[in-house]
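Coordinate analysis (summary)
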Amino acid sequence: MTAIDQHRSYGFRFLLVCSLLSLSTGSLVVHTSPTPQHCTAGSAIALSCTFPVPFGTPLHGIALKWTVSTVDNDHRTLYTFDGTSEWQFYNHSTVDRLRLIQGDATLHLKNVTLSDAGHYTCTVFIPPEMGASTFRLAVSVPPKVSEIIVPEMIYASEAVTLICNITSVQLKQVKVQWLRCHGHKHVSTSAKVESTLLQEHFEDLSSSTENKPFKNSLMSCLSIVPSIEDDDREYQCKVCCLNIHPIIKKTCLKILVRPSHFQIESVPRIPMPEQNLVLSCRAERFYPKVISLKWFKDELPVKGVTQFGPFLDGGKLYSVWSQTEFLVSSNDQGAIYTCRVHHGSLTGFREITYKINLQGAAPEVSWITSDPSPPKLGQECTLNCRVTDFLPETITVTWFKNGQPALSGVYSSLPVLNIDGRYSLWTFYKFTPTVKDSGSIFKCVVEHCALKGVEERSFKLEMNDTV
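On a predicted model such as this, the values are computed, not experimentally measured, just so you know.

1. Re the overall build of the protein chain
- For the protein chain, the helix and strand inventory stands at one helix and 37 strands.
- Per-residue burial for the protein chain yields a buried fraction of 40% across its 467 residues.
- Pairs at least 24 apart in sequence give 62% of the contacts found in the protein chain among residues at least 6 apart.
- Total accessible area computed for the protein chain in this model is approximately 26,400 Å², and 53% of it derives from carbon and sulfur atoms.

2. Things to note about the confidence of the model for the protein chain
- The predicted model of the protein chain averages 87 in pLDDT, with 89% of residues at 70 or higher.
- Confidence drops under pLDDT 50 across residues 1-25; counting only partners more than four residues distant or on other chains, this segment forms 27 contacts.
- Overall, residues 184-198 carries pLDDT values under 50, and its contacts beyond four positions in sequence, including any with other chains, amount to 17 contacts.

3. With respect to the state of the cysteines
- Counting across every chain of the model gives two disulfides.
- The partner cysteine of Cys-49 in its disulfide is Cys-122, sulfur to sulfur 2.1 Å. Since a negative S-S torsion denotes a left-handed disulfide, the Cys-49-Cys-122 link at about -80° is left-handed. A residue pair is termed long-range when its members are at least 10 positions apart, and Cys-49 in the loop between strand S2 (45-47) and strand S3 (63-70) and Cys-122 in strand S8 (residues 118-126) qualify at 73 residues.
- What makes Cys-49 buried here is its relative accessible area of 0%.

4. A word on the sheet that holds S8
- Here six strands make up an open sheet; going across it, the order is S1-S9-S8-S3-S4-S5 and the pairing mixed. The open sheet terminates on both sides in strands that have one partner only, identified here as strand S1 (37-40) and strand S5 (86-88). This sheet shows a mean twist of 25° between the axes of neighbouring strands, independent of strand direction.
- In this structure, strand S4 (residues 75-81) lies alongside S5, joined through three bridges in antiparallel fashion. The residue of S5 that forms the bridge with Thr-80 is Trp-87.

5. Focus: the packing of aromatic side chains
- Here the structure, examined in full by the defined rule, presents 11 aromatic pairs.
- Geometrically, the ring pair formed by Trp-426 and Phe-428 is stacked, given 6.3 Å between the ring centres and 10° between the ring planes.
- What makes Trp-426 partly exposed here is its relative accessible area of 41%.
- Above the ring of Phe-296, the side-chain terminus of Arg-340 is found at 4.4 Å from the ring centroid.
- Across the ring face of Trp-367, the terminal group of Arg-457 is positioned such that the distance to the ring centre comes to 4.7 Å.

6. With respect to the sheet that holds strand S25 (residues 318-327)
- The strand order across the open sheet formed by four strands is S20-S21-S25-S24, and the pairing between neighbours is antiparallel. Of all the strands in the sheet, just strand S20 (261-267) and strand S24 (306-312) have a single pairing partner and so form its edges. Between one strand axis and the next, the sheet turns by 15° as a mean value, whatever way the strands run.

7. Re the nonpolar core
- Counting 50 residues, the largest nonpolar core has Leu-162, Trp-178, Ile-264, Leu-279, Trp-295 and Tyr-337 as the members making the most contacts within it.
- Broken down by element, this core gets its largest block of residues, five residues, from strand S21 (residues 276-286).
- Residues Ile-45, Tyr-79, Cys-122 and Val-139 belong to the second largest nonpolar core, which totals 28 residues.

8. Remarks on the pattern of salt bridges
- Under the defined criterion, the tally for this structure stands at 18 salt bridges.
- Note that Asp-232 and Lys-254 form a salt bridge whose closest N and O atoms lie 2.9 Å from each other. Here Asp-232, found in the loop between strand S16 (217-224) and strand S17 (234-241), pairs with Lys-254, found in the loop between strand S18 (247-252) and strand S19 (255-256); they are 22 residues apart in sequence, far enough to count as distant.
- We classify Asp-232 as partly exposed; its relative accessible area is 46%.
- Judged by its relative accessible area of 51%, Lys-254 is exposed.
- One salt-bridge network, held together by shared partners, links Arg-180, Glu-203, Asp-230 and Arg-233.

9. Side note on the side chain of Arg-340
- Looking at the secondary structure, you find Arg-340 in strand S26 (residues 336-343).
- Judged by relative accessible area, which is 17%, Arg-340 ranks as buried.
- A polar contact of 2.7 Å, which involves the side chain of Arg-340, links it to the side chain of Glu-351.
- Residues within four places of Arg-340 in sequence aside, it is in contact with Ser-292, Leu-293, Lys-294, Phe-296, Glu-299, Phe-349, Arg-350 and Glu-351.

10. Quick notes on the environment of Trp-426
- Structurally, Trp-426 is set in strand S35 (residues 423-431).
- In sequence terms Trp-426 and Tyr-411 are 15 residues apart; their C-alpha atoms lie 8.5 Å from each other.
- If sequence neighbours within four positions are ignored, Trp-426 has contacts with Asn-384, Cys-385, Arg-386, Tyr-411, Ser-412 and Ser-413.

11. What to know about the environment of Ser-424
- Tracing the backbone shows Ser-424 in strand S35.
- Along the primary structure Ser-424 and Asp-389 are separated by 35 residues, whereas in three dimensions their C-alpha atoms are 5.6 Å apart.
- Other than its neighbours up to four places away in sequence, Ser-424 contacts Val-387, Thr-388, Asp-389, Phe-390, Leu-414, Pro-415, Val-416 and Asn-418.

12. Some points on the pairing of S18
- Residues Ile-247, Lys-249 and Thr-251 line the buried face of S18, whereas the alternating positions Ile-248, Lys-250 and Cys-252 sit on a face that is not buried.
- The pairing of S17 with S18 spans six bridges and is antiparallel. Residue pairing for S18: Tyr-235 is matched across the bridge by Thr-251.

Definitions and cut-offs
Residues numbered from 1 in each chain as written. Predicted model: local features only at pLDDT ≥ 70, side-chain atom pairs only at ≥ 80, totals over all residues. Heavy atoms only, no water. Helix = DSSP H or I, 4+ residues; strand = E, 2+ residues; numbered from the N terminus. Buried < 20%, exposed > 50% of the residue type's maximum accessible area, 1.4 Å probe, protein only. Contact = heavy atoms within 4.5 Å. Areas by Shrake-Rupley, 256 points an atom, 1.4 Å probe, with all protein chains shown as cover. pLDDT = per-residue confidence, 0-100. Disulfide = S-S within 2.5 Å. Pairing = 2+ DSSP bridges. Axes fitted to C-alpha atoms, helices over the stretch in contact; angles between N-to-C directions. Phe/Tyr/Trp six-rings, centres within 6.5 Å; stacked < 30°, edge-to-face > 60°. Lys NZ or Arg CZ within 6 Å of the ring centre and 35° of its normal. Core = buried A, V, L, I, M, F, W, Y, C linked by side-chain atoms within 4.5 Å. Salt bridge = Lys/Arg side-chain N within 4 Å of Asp/Glu carboxyl O. Polar contact = N/O pair within 3.5 Å; in protein donor to acceptor, adjacent residues only side chain to side chain.

And the structure:
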């Protein structure tokens, strides 16, 4: 038989099968899905169709036809088998014909499109019986869900918003759920086996979610105030849409805590030529652990630095300190030592500086104030003057009244060392004003080696006459 004759024979048998399928009135029971089937565009699906096969029925005694009536009222044949030959009218429609003798006529569709939605009919003919069953296939387009958008830097105890964008969706058919993973490791040991299992459960955070609808899209926002416990914890944005499997996007947060304290301390407080000076740079209570401290002298790297830590400093926070030690020379006057701190919680880096001062620092002298103000006749009055930021600590403070040194009522605190290595003090002059004191001039005179002369402040007594 030539190829043309064979083709004509197949065509004749196909027409014959179609006629028999349409004319037969047998009672062959064909089973398909009793409920509508669902799939997403671009996926594959197997449409089940089963039927009983009488014992001894050969393959050539079975004929099959799959048809579809689409939502656009397009009626088409997808697949036929006449007992000998098969016809696939769409490349993505296939049936495993070897399973037909087992009563399985499942139709396999690949790369399903929206146009494949409709009512599918599976018709089986085993002479003299015929049976058919119809069901509906619904095809959905899955929404596009972005990865979870998180801020570049997330800090403990500071509010943050996580965002999940959903597009190409019908808003009434979508539900968004935010979840936070809680898990712990369970270690099981024995003589031969040691295993670590992660047990986890998820907390529903829907109460902290705000969904902002737009045309065919949705922005879902989760507002949280994370803690250090949330570091490396998984958060999920779960998008559920009608007739499709949930789409889940995941992210793990990286929690940061800025150092709460930066400081350079010197030992001794006042550097002296030809003596050792130890500078210590401290960064306290930060997270995570990784940190870098580098020393520079006038912008040049310093060698021989010793670092202590990072070490735990309460809870999960860390602290660290780094020190450099050197012999001070007269040439170090004015040298600037810089401690440069790099940490994930900082934008760029943080610098702390220390300037070597071998010549001292001139004091700042405040204006004189009175208590009470204004002074009252016959009531004790205190004149106050503050002297700050001087170095070295040796200083002389003298009070004058109308050009004469005050011999009584003068009190001065001891110089107090500031964090930066300089000193400050308070000085007071207490007296009880009389009528003769009205208009008197009081002066606070300060002498210090870092001043080119003396620094003085004046106060003219103007009294309230009320006793």
